[in-house]
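Coordinates in review
Chain by chain, the residues run as shown.
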Amino acid sequence: MNALLDTLIPGDDDFPSAGSLGMHEALLTHDRFRTAYEAILDLLPAGFADLSIQTRASHMIEIEAREPDYFNGLIVGVYSLYYTHADVTLVIERLTGHTTRPPQPEGHLLEPFTHELVAIPAGRLSLYRPTPEYDDD
Amino acid sequence: MTDVVIVGAGASGGAAAWRLARAGFKVTCLEQGDWVDPNATPSLRADWEIARQTTHHPNPNVRAARQDYPIDQTEAAIKPFLYNAVGGSTILWGAHFPRLRPSDFRTRTLDGVGDDWPISYEELAPYYKENDRMMGVSGLAGDPGNPPREARQMPPVSPGKAGVRMANAFDRLGWHWWPADVAINTSIYGEGRGVCNNCGPCDLGCPNGARSSTDVSYWPQAIKAGVELITCARVFEVETNSAGRATGVVWYDRAGQVHRTNASVVALASNGIGTARLMLLSTSRRFPNGLANDTDLVGRRLMLHPTGMVTGRFDEPMDGWAGPFAVSILSQEFYETRPEHDFKRGYQMQLIRSDGPVGTAVGGYLPRVPWGAGHHARFRKVFGHTSSLTITTEDLPRPENRITLSDTQTDNHGIPAPKMTYSLDYNTRAMISHGIARATEAFTEAGAADITSQSLVADAGFHLLGTARMGADPGSSVTNDKSRAHSVPNLVILDGSVFVTAAALNPTSTIQALALRAADALIRDRSELEVAS
């Protein structure tokens, strides 16, 4: 079933293909993603893996239109597992600096707010509208 | 027997419980969720983004946790976004903490639309102030867009690279902008709470306790003051006597056993969906259409703040995964009604940082990265290079937007689920269109390219308002100005259900200020309250 996964996320010079990462098993054993994956697998024509990449993509476009909910579930599952795979996060770190570690507990460094930034808006006139005085009598 | 039973331990329930217990009331709070362990947050794990798509998804229908109830969303253009736990939806919120403007309380008088509130901004201001002290707010005094007020407890969060770019663009356009008021610690504040380390996904929980949620702000204080908080307790009926006074509530515990808690006062704090559901479930001979529903207004006038979104891609990296995801700077340039607009009232633009790898690929702020041959090229282009402006619109109340009981769905106790029916009207769509054009202009001015927009963010039903509105006239409102039901004087509604109009900004600080005000009114009126004999 790597043909399906590689049709969705093919590899390139930096990134591995989805099928090369063992994601077939991961999808089949994930309690949130299995149902959509199995539903789409059932819709693939016989000999799907032997088709050209263009023909496989055409089939996927047709399935996406026919079963949008399952297809959406499949994409969420594939993208979620792919972009949290260690091999992929290492590539992202190398290309962008986005760290492979989780957000916590270290967090990220950011320049703090500086008051100079608000010099112009602080000088503007009031923007809120006056309202009639409240009268509860 | 307790003095006050509160249903729901979220933003408003926590605030009111604290206030009432400190005044000597015996308070019991029933919460259908449980405590959330901050040290179990997915943001401590490498697969944190998978949790966002599954176990920590904001839509309870997707998350489907044991403590959740399903919400029939088949006729709703905007999907629900809430959490059930001690802390309620503050467990997954972005912690934006603006106040309503004075004009928000007078839309009928000023603009001929919606309805005026029975209270004013000035009356609510002391409660906003007290609530800010309890929650802890970072921000900056001096905003020309709002009435003068005291210094915040802490300085603003970092705007990040994109925030600086957009602030400069707003300045060149001559538009209002200001650092957002945020319930996030930028320095030490509050008991046992830490400082924000800019990790990003506030919605997954905050192990530092830097992002305020009522489980770390109000609840420790409320429990010290003597509140009895019972978790995993799902209330399914408010009981009344023949005179129409509330006598208490009936609920399931975590083992499925039924309990009854009798109380002098019943206070509902289960959000604009859950409270309406419970009132509609609580039928009796006196209230055949649901509790306090003589006017058929319970569940109606649902307001959700329809949200559009514009995203700009910058050539240089913005590192938008760093910093609290939902908060940075905002613009209220187009907040008020203007004669040249083809809509009444207005909107707020709020800068959102960008997403992690999964969020970028799956889409949300941006369109989904397409599968197939061009996948990686597109991912490289957008990841870490974007920021977004949300267009949060005024959502004028309409009776056809409502909560009812579902005919087809039930929760895991067999109780009918709530059903959302919600659509957008012309005024709202015109506002969003205007906002998208202005936000596109701002991104263009900032030098962004590849600017995309969404005319409606469907997964944005996070502000649940208006389903039991307050008002002076019992014939056209559910509660009075003290948030007490006209027809059930010992029934208090503490959450956003009482909103008369929605304003065009995040409502939590107003919800909590109203809850504190309602609690103070109970304290003041204690000796003369009409309770069940």
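Residues numbered from 1 in each chain as written. Chains lettered and ligands numbered in written order. Predicted model: local features only at pLDDT ≥ 70, side-chain atom pairs only at ≥ 80, totals over all residues.

**Some points on the overall build of chain A**
A count of helical and extended segments in chain A gives seven helices and zero strands. The linear arrangement of helices and strands in chain A, starting from the amino end, is α-α-α-α-α-α-α. Taking 14 Å as the expected radius of gyration for a compact globule of 137 residues, we find that chain A reaches 25 Å, considerably beyond that expectation. In terms of principal-axis extent, the alpha carbons of chain A reach across some 75 × 45 × 30 Å. Every one of the 137 residues in chain A was classed for burial, and the buried ones make up 29%. For chain A, long-range pairs separated by at least 24 residues make up 57% of all intrachain contacts whose partners lie at least 6 apart in sequence. (Helix = DSSP H or I, 4+ residues; strand = E, 2+ residues; numbered from the N terminus. Rg over C-alpha atoms; globule rule 2.2 N^0.38 Å. Buried ≥ 20, exposed ≤ 12 C-beta atoms within 10 Å, placed from the backbone. Contact = placed C-beta atoms within 7 Å.)

**Digging into the overall build of chain B**
Tallying secondary structure elements over chain B gives 12 helices and 16 strands in all. Against the globule reference of 24 Å for 533 residues, chain B gives a C-alpha radius of gyration of 22 Å, in line with a compact fold. Taken across its 533 residues, chain B has 63% of its residues classed as buried. Pairs at least 24 apart in sequence give 73% of the contacts found in chain B among residues at least 6 apart.

**Description of helix α12 (residues 508-524) of chain B**
The end-to-end C-alpha distance of α12(B), which contains 17 residues, comes to 24 Å, matching closely the 24 Å that a straight helix rising 1.5 Å per residue would cover. Burial within α12(B) is extensive, with 13 of its 17 residues counted as buried. (Expected span 1.5 Å × (residues − 1).)

**Description of unusual backbone geometry**
Cis geometry marks the peptide bond from A:Q104 to A:P105, where omega comes out at 10°. Positionally, A:P105 belongs in the loop between α6 (86-96) and α7 (119-122). Not every positive phi belongs to a glycine, and B:R345 is a case in point at roughly 65°. For B:R345, the position within the fold is in the loop between β10 (329-331) and β11 (347-352).

**Structural notes on the interface of chain B and chain A**
Taken residue by residue, the interface counts 64 residues in chain B and 42 residues in chain A. A class-by-class count of the residues in the side of chain B that touches chain A yields 32 nonpolar, 22 polar and 10 charged. (Nonpolar A, V, L, I, M, F, W, Y, C, P; charged D, E, K, R; others polar.)

**Thoughts on the nonpolar core**
A:V78, A:Y82, B:I6, B:A16, B:A17, B:V266 and B:A267 are the most contacted members of the largest nonpolar core, which totals 186 residues. Discounting chain neighbours no more than four positions away, the residues touching B:A17 are B:I6, B:V27, B:C29, B:A222 and B:V227. (Core = buried A, V, L, I, M, F, W, Y, C linked by C-beta atoms within 7 Å.)

**With respect to the sheet that holds strand β13 (residues 402-410) of chain B**
Sheet strands pair by backbone hydrogen bonding; their relative direction is either parallel or antiparallel. Residues and elements named next belong to chain B. Ordered in space as β3-β14-β13, the three strands form an open sheet in which the pairing is mixed. At either margin of the open sheet sits one strand with a lone partner, and together these are β3 (72-76) and β13. Between one strand axis and the next, the sheet turns through 35° on average, direction left out of account. As paired elements, β13 and strand β14 (residues 416-422) share five bridges and run antiparallel to each other. The residue of β14 that forms the bridge with L405 is P418. Seen against the sheet, helix α8 (residues 271-281) touches β13 and β14 and runs at an angle of roughly 75° to β13. (Pairing = 2+ DSSP bridges. Axes fitted to C-alpha atoms, helices over the stretch in contact; angles between N-to-C directions.)

**So, the sheet that holds strand β9 (residues 307-313) of chain B**
Residues and elements named next belong to chain B. An order of β4-β10-β11-β12-β9-β15 is seen for the six strands of this open sheet, with the pairing classed as antiparallel. Unpaired on one side and paired on the other, β4 (178-179) and β15 (449-454) mark the two borders of the sheet. In terms of strand pairing, β9 meets β15 through four bridges, oriented antiparallel. Considered in β15, the bridge of V310 is made with S453. The strands touched by helix α11 (residues 426-445) are β9, β11, β12 (386-393) and β15; relative to β12, the strand with the most contacts, the crossing angle is about 150°.

**Considerations on the environment of A:A57**
Tracing the sequence through the fold places A:A57 in helix α4 (residues 53-66). Measuring from C-alpha to C-alpha, the distance between A:A57 and A:P112 comes to 47 Å, with 55 residues separating the pair along the chain. With residues up to four places along the chain from it excluded, the contact list for A:A57 reads A:T7 and B:G372.

**What to know about the packing of helix α1 (residues 11-22) of chain B against α12(B)**
Residue and element names in this part refer to chain B. Packing of α1 against α12 brings their axes to within 8 Å, and their N-to-C directions diverge by 30°. Between α1 and α12, the crossing angle belongs to the class labelled roughly parallel. Crossing of α1 against α12: the hand is right-handed. Along its contact with α1, which presents A11, S12, A15, A16, R19 and L20, the element α12 presents T508, I511, Q512, A515, L516, A518, A519, D520, L522 and I523. (Parallel < 35°, antiparallel > 145°, perpendicular 65-115°, else oblique. Left-handed = near helix turned anticlockwise from the far one by under 90°.)

**Some words on the pairing of β9(B)**
All names here are of chain B. The buried count for β9 comes to six of seven residues, which makes it a mostly enclosed element. Sheet analysis places β9 next to β12, joined by seven bridges and oriented antiparallel. Within the sheet, the bridge partner assigned to M309 lies in β12 and is T390.

**A short note on the pairing of strand β2 (residues 27-30) of chain B**
Residues and elements named next belong to chain B. Across the two faces of β2 the burial is the same, with V27 and C29 and T28 and L30 all buried. Here four bridges tie strand β1 (residues 2-7) to β2, and the two strands are oriented parallel to one another. When the sheet's bridge partners are listed, V4 is paired in β2 with V27. Each parallel crossover has a hand, and for β1 linked through α1 to β2 it is right-handed. Pairing geometry for β2 and strand β5 (residues 228-230), over three bridges, is parallel. Looking at β5, one finds that L30 is bridged to I230. (Right-handed = clockwise from strand over helix to strand, strands pointing away.)

**Digging into the confidence of the model for chain B**
Overall, the predicted model of chain B reaches an average pLDDT of 96, with 100% of residues at or above 70. Two summary scores accompany this predicted model of the complex, namely pTM at 0.96 and ipTM at 0.93. (pLDDT = per-residue confidence, 0-100.)

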